[in-house]
Amino acid sequence: MVKFRENNFLIYVLLLINRLMEENWSMFIKENKKNKKILTSFEFEPGKVKKGYTDRRLYINLSENKIEEKPIDLQVKETFTGGRGYGIWYLWDAVSSKTKWNDPENEIIFCTGPICGVTQYSGTGKTHVVSLSPETGTVNDNNVGGYLAPFLKFSGWDLLEIQGKAKEDVIIFIDGNKGKVIIEEVSGINSDTYLLIEKLTERYADDEKDKRNISVVSSGRGAENTNLGILNVTWYDVRRRKVRIKQAGRGGTGSVFRDKKILAIVTKYSGVNAGSNNAAYPELVTKAGRRLTKEILELDHIQNGMRETGTVNLLDHMQNYNCLPVHNYKFGSHPEAFKIENKVWHQRVTQNQAGDSCWLGCAMRCAHAVDDFELSTGPLKGEKVLVDGPEYETAAGFGGNCGCFDPDFILEANFYCDNYGIDTIGVSTTIAFLMDCYENNIINKEITEGLELNFGNAKAALELIHQMAEGKGFGKIAGLGIRQIKKILVEKYGADAKFLQDIGMECKGMEFSEYVTKESLAQQGGYGIANKGPQHDESWLIFMDQINNQIPTFEDKAEALHYFPLFRTWFSIVGLCKLPWNDIEPEDNKQKYHGMEAAKVPEHVENYCWLFEGVTGKHLTPEELISQSERVHNLQRLFNLKMGFGTREHDMVPYRAVGPVTVEEYESQKELYDQQLKETIKFDIEGKTTEEKMKVLRAYREEQYQKLCDAVYNRRGWDSNGVPTLETIKKLKIDFPEVLELVKKYQS
């Protein structure tokens, strides 16, 4: 009864704080228009985009209240192309090997790209964000939809580079039409996204029609109190008359944002049109756009249904192929998964909404939402809200991985993670790990301060999300992420470090995204060898490997782990979304092409070559496209080396990603594992205990993973320790003096 009263009192306090924050907002909007506390301002010549580039960057130092224009060096442009390539290079230049994520010299860099902002082709509105990560300690990149990057570029900037820390919360306002940047100090404002973005859009828009010309970057209190902070980037949904959001989600970029005391970045620009990029050959852009749009409109409903439910369509496939994470990746399917299957979300998300395009002209319309969802917990309890999502990762993480097969719980967790500014993948994977620890008696109610973290306990999971956002109770530990939690459980509570390493689903400090990889060696490598950590946006090979068996040999897998991460990298250097590449494909793609070649979707690769040439005027072959990416991808690997990571040992994954850790896991797939032992390993299982069989299987699978690393390193031009060779660096023309000096330290 005492605990119940305490919880009710906490909810009352949260509601009261929220009400006061709303009142502060009303006063802020009224009073600050008259009496702004402007720290500094800067005037610039509004945007001059030529062939997709502005060739300048907007630099802001919050510690010094300094704003200035800086050029993009020609050699940087020719070497790294744009977008994430620019971001990684300028971050490299800004930090030392000793810089920590929360040091003032760390930067957060918002990147555009030469194709960014094209309105004739789907998926061209991506912002790519680069910073040092609080989770991994090294360079991190994210991609996010919304209108920020196009508005930033058409205002006149290829990237926005923010360094230093403000003393109090600030709003950075960029007016691209008037050519003005203002840094304004604010105080007492709730940083949570849901109310903030509506109020800021209202404040900076001249009228209702002007709201479509505003894009806001925000985060939330969860980013202040955890290492799992995200950025929310907005666009205005004209039909709904609501502000919508997409997320830059992985690695804690939002935590960097709030550590720098940035409450929000507001970018305003009007006048976007088909000619805004001043393309060299607009007819090529139109040609590519018409071909893709026709495919989307004619084929999406019979292929992946992105226009109907978005990425959540994957749930059924993952369940059917035993790849859906269940109970902290122990299992790959569950009998209750039908409760969150694709048709459930088809009924919940609104259909045929033009506002579901997170940039102008995108026919994919995959940014779905649930309208008027009534919240049952937290500071906004009882309010009906718009929930942006869920994406596959969110539904799989909170639904399958946490064992909570309840659509309402998933939507509430989705909303509050976005509102608080925390990563749904990182949060759900962390909670699943903690639930596993709870059920294995590694933690108990005393340690969790009363939370019963059994799989399936949605109420406890929601309470933990609120605690993480507030930085209170057990949420303070949970918000650190799996790597740091493991350390605490070993050092403070005497947990078995080896077992925690086996079941703690993180690599390089980042939590795994939501796929069971036990039967896909290529996806294990895709997660483990990925530069920033186990995130599927660099390597998603589970279908090619496990389901379609298109890459059976080590050489095939190594080739796939060379080509596809590089192809995906290319999207981030030119300002594109990945989804229109292979979530729709020509009707005859699999008849014209086979195996790995079909997976490349050659006609879409051709589209991208047309787009690049059409915008920039530079002819580009598919091979040159990969070379552009290879420079950036290797620079990011070298950046990891600079920060003390990036060698073979850091590419190792927890054993649960490779095989069964517990007897329960083995027995759930006993027939499969027994068959592999007999037929592949040639091990006589007669009379052997499950533990004995597990030991032999583990030794074999771990050896296979090491052989995969050897093959991938060799294909990528890296040495046996995973370090790019001097020959590779020189071939790629990234042999800058500081790069050569770094690599020579690792030469045997």
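Structure's up top.
Residues numbered from 1 in each chain as written. Predicted model: local features only at pLDDT ≥ 70, side-chain atom pairs only at ≥ 80, totals over all residues. Heavy atoms only, no water.

Engineer: Which parts of the structure should I look at to understand helix α4 (residues 148–155)?
Structural biologist: The periodicity of an α-helix, 3.6 residues per turn, causes residues three or four places apart in sequence to face the same way. Here α4 lies mainly inside the structure; eight of its eight residues are buried. Taken together, the buried positions of α4 are occupied by L148, A149, P150, F151, L152, K153, F154 and S155. After α4 finishes, the residue G156 shows a positive phi value of roughly 125 degrees. (Buried < 20%, exposed > 50% of the residue type's maximum accessible area, 1.4 Å probe, protein only. Helix = DSSP H or I, 4+ residues; strand = E, 2+ residues; numbered from the N terminus.)

Engineer: How do you make sense of the sheet that holds strand β6 (residues 139–144) when you look at a structure like this?
Structural biologist: Within a sheet, neighbouring strands are paired by backbone hydrogen bonds and run either parallel or antiparallel to one another. A sheet is described by the order of its strands in space; here six strands give the open sequence β3-β2-β7-β4-β5-β6, paired in mixed fashion. Because the sheet does not close on itself, it has two edges, and the strands there are β3 (66–71) and β6. Neighbour-to-neighbour, the strand axes of this sheet turn through a mean angle of 20 degrees, independent of strand direction. Of the pairings in the sheet, the one linking strand β4 (residues 107–111) to strand β5 (residues 127–132) comprises four bridges and is antiparallel in character. By the bridge assignment for β5, F110 is matched with V129. Helix-sheet contacts for helix α3 (residues 83–94) involve β2 (56–61), β3, β4, β5, β6 and β7 (159–163), and the interaxial angle to β4 is about 160 degrees. (Pairing = 2+ DSSP bridges. Axes fitted to C-alpha atoms, helices over the stretch in contact; angles between N-to-C directions. Contact = heavy atoms within 4.5 Å.)

Engineer: I'm lost on the pairing of strand β13 (residues 262–268) in this one. Help?
Structural biologist: Within a regular strand, the side chains alternate between the two sheet faces. Within β13, seven of the seven residues are buried, which leaves the element mostly enclosed by the surrounding structure. Strand direction decides the pairing type here: strand β8 (residues 170–175) and β13, joined by six bridges, are parallel. The residue of β13 that forms the bridge with V170 is I262. As judged from the four bridges shared by strand β10 (residues 214–218) and β13, these two strands associate in the antiparallel manner.

Engineer: Explanation requested: the pattern of salt bridges in the structure shown.
Structural biologist: A side chain with one charge can pair with a side chain of the opposite charge if their charged atoms come near. Tallied over the entire structure, the rule returns 58 salt bridges. In this structure, D169 engages R258 in a salt bridge whose closest nitrogen and oxygen atoms are separated by 3.1 Å. Of this pair, D169 sits in the loop between β7 and β8 while R258 sits in helix α7 (residues 253–259); the two residues are 89 residues apart in sequence, bridging distant segments of the chain. Using a relative accessible area of 14% as the deciding quantity, one classes D169 as buried. Across the salt bridge formed by R244 and D356, the nearest N and O atoms sit 3.1 Å from each other. (Salt bridge = Lys/Arg side-chain N within 4 Å of Asp/Glu carboxyl O.)

Engineer: Got a minute to help me understand the side chain of D158 in this structure?
Structural biologist: Relative to the helices and strands, D158 resides in the loop between α4 and β7. Lacking a salt bridge, the buried D158 has K153 as its closest oppositely charged neighbour, with an N-O distance of 6.0 Å. A polar side-chain atom of D158 sits 2.8 Å from the main-chain amide nitrogen of D55. Contact partners of D158, with chain neighbours within four places excluded, come to G52, Y53, T54, D55, R56, I72, Y86, F110, C111, T112 and K153. (Lys, Arg positive; Asp, Glu negative; His and termini not counted. Polar contact = N/O pair within 3.5 Å; in protein donor to acceptor, adjacent residues only side chain to side chain.)

Engineer: I would appreciate a short explanation of the state of the cysteines in the present structure.
Structural biologist: Under the definition given, this model contains zero disulfides. With no disulfide partner, C323 has as its closest neighbouring cysteine sulfur the one in C402, 19 Å distant. You can see C577 has no disulfide; the closest cysteine sulfur is in C366, sitting 6.0 Å from it. (Disulfide = S-S within 2.5 Å.)

Engineer: Can you walk me through helix α25 (residues 622–642) in this structure?
Structural biologist: In this model α25 runs 31 Å from its N-terminal to its C-terminal C-alpha over 21 residues, within 8% of the 30 Å that 1.5 Å per residue would give. Extensive coverage of α25 is indicated by the burial of 17 of its 21 residues. Trailing α25 by a residue or two, G644 shows a phi angle of about 95 degrees, which is positive. (Expected span 1.5 Å × (residues − 1).)

Engineer: Would you mind showing me how to read the sheet that holds strand β11 (residues 231–237) here?
Structural biologist: In spatial order, the strands read β1-β9-β8-β13-β10-β11-β12; together these seven strands make up an open sheet with mixed pairing. Each edge of the open sheet carries a strand with a single partner, namely β1 (38–43) and β12 (242–248). When the angles between neighbouring strand axes are averaged without regard to direction, this sheet yields 15 degrees. Note: β1 against strand β9 (residues 180–185), five bridges, orientation antiparallel. Its bridge partner being in β9, E43 is matched across the sheet by K180. Across the sheet, α4 is in contact with β8, β10, β11 and β13; its angle to β13 comes to roughly 60 degrees. Seen against the sheet, helix α5 (residues 193–204) touches β8, β9, β10, β11, β12 and β13 and runs at an angle of roughly 145 degrees to β10.

Engineer: So what exactly am I meant to see when it comes to the environment of T429 here?
Structural biologist: Relative to the helices and strands, T429 is located in helix α13 (residues 424–439). Overall, T429 belongs to the buried group, its relative accessible area being 0%. Taking C-alpha positions, T429 is 34 Å from G361, a pair spaced 68 residues apart along the chain. With sequence-adjacent residues up to four places away left out, T429 is seen in contact with N328, Y329, N401, I482, M505, E511, F512 and E514.

Engineer: Sorry if this is basic, but what is going on with unusual backbone geometry here?
Structural biologist: Glycine aside, residues mostly have negative phi, and peptide bonds are mostly found in the trans state. With an omega of 5 degrees, the peptide bond running from G389 to P390 counts as cis. Secondary-structure assignment places P390 in the loop between β15 (384–388) and α11 (392–401). At N322, a residue that is not glycine, the phi angle is positive and equals roughly 65 degrees. Looking at where N322 falls in the secondary structure, it is placed in the loop between α9 (314–320) and α10 (342–348). Under the relative-accessibility criterion, N322 is labelled partly exposed at 24%.

Engineer: When you look at the nonpolar core in this model, what are you seeing that I'm missing?
Structural biologist: The tendency in soluble globular proteins is for nonpolar side chains to be buried side by side. Formed by 170 residues in total, the largest nonpolar core has its most connected members in F398, L453, I465, W570 and Y608. The biggest single contributor to this core is helix α20 (residues 554–574), with 11 residues. Counting residues in hydrophobic clusters, the runner-up holds 29 residues, among them F110, L152, V256 and I265. (Core = buried A, V, L, I, M, F, W, Y, C linked by side-chain atoms within 4.5 Å.)

Engineer: Would you explain the packing of aromatic side chains in this entry?
Structural biologist: How two aromatic rings sit relative to each other is given by the distance of their centres and the angle of their planes. Counting across every chain of the model gives 36 aromatic pairs. Centroid distance W92 to F639: 5.5 Å. Interplanar angle 80 degrees. Geometry classified as edge-to-face. Note that W92 is positioned in helix α3 and F639 in helix α25, a separation of 547 residues in sequence. Classification of W92 by relative accessible area gives buried; the value is 5%. Relative to Y269, the ring of F154 has its centre 6.1 Å away and its plane inclined at 45 degrees; by these criteria the two rings are tilted. Here the residue F154 occupies a position in helix α4, and Y269 occupies one in the loop between β13 and α8 (282–299), the gap between them amounting to 115 residues. (Phe/Tyr/Trp six-rings, centres within 6.5 Å; stacked < 30°, edge-to-face > 60°.)

Engineer: It is not clear to me how the environment of T448 should be interpreted in this structure. Could you clarify?
Structural biologist: Turning to its location among the elements, T448 is positioned in the loop between α13 and α14 (458–470). Each C-alpha atom of the pair T448 and F474 lies 5.2 Å from the other, and the pair is 26 residues apart in sequence. Setting aside anything within four residues of it in sequence, one finds T448 in contact with Y438, I443, L453 and F474. Separated by 2.6 Å, the side chain of T448 and the backbone oxygen of L451 make a polar contact.

Engineer: Sorry if this is basic, but what is going on with the packing of α13 against helix α16 (residues 482–493) here?
Structural biologist: The geometry of a pair of packed helices is captured by two quantities: the angle between their axes and the separation between those axes. In contact at an axis separation of 10 Å, α13 and α16 are set at 25 degrees when each is read in the N-to-C sense. Put simply, α13 runs roughly parallel to α16. As α13 packs across α16, the resulting crossing turns out to be right-handed. Here T429, T430, F433, L434 and C437 of α13 come into contact with α16, specifically with I482, I485, K486 and L489. Considered class by class, the residues forming the contact of α13 with α16 number six nonpolar, two polar and one charged. (Parallel < 35°, antiparallel > 145°, perpendicular 65-115°, else oblique. Left-handed = near helix turned anticlockwise from the far one by under 90°. Nonpolar A, V, L, I, M, F, W, Y, C, P; charged D, E, K, R; others polar.)

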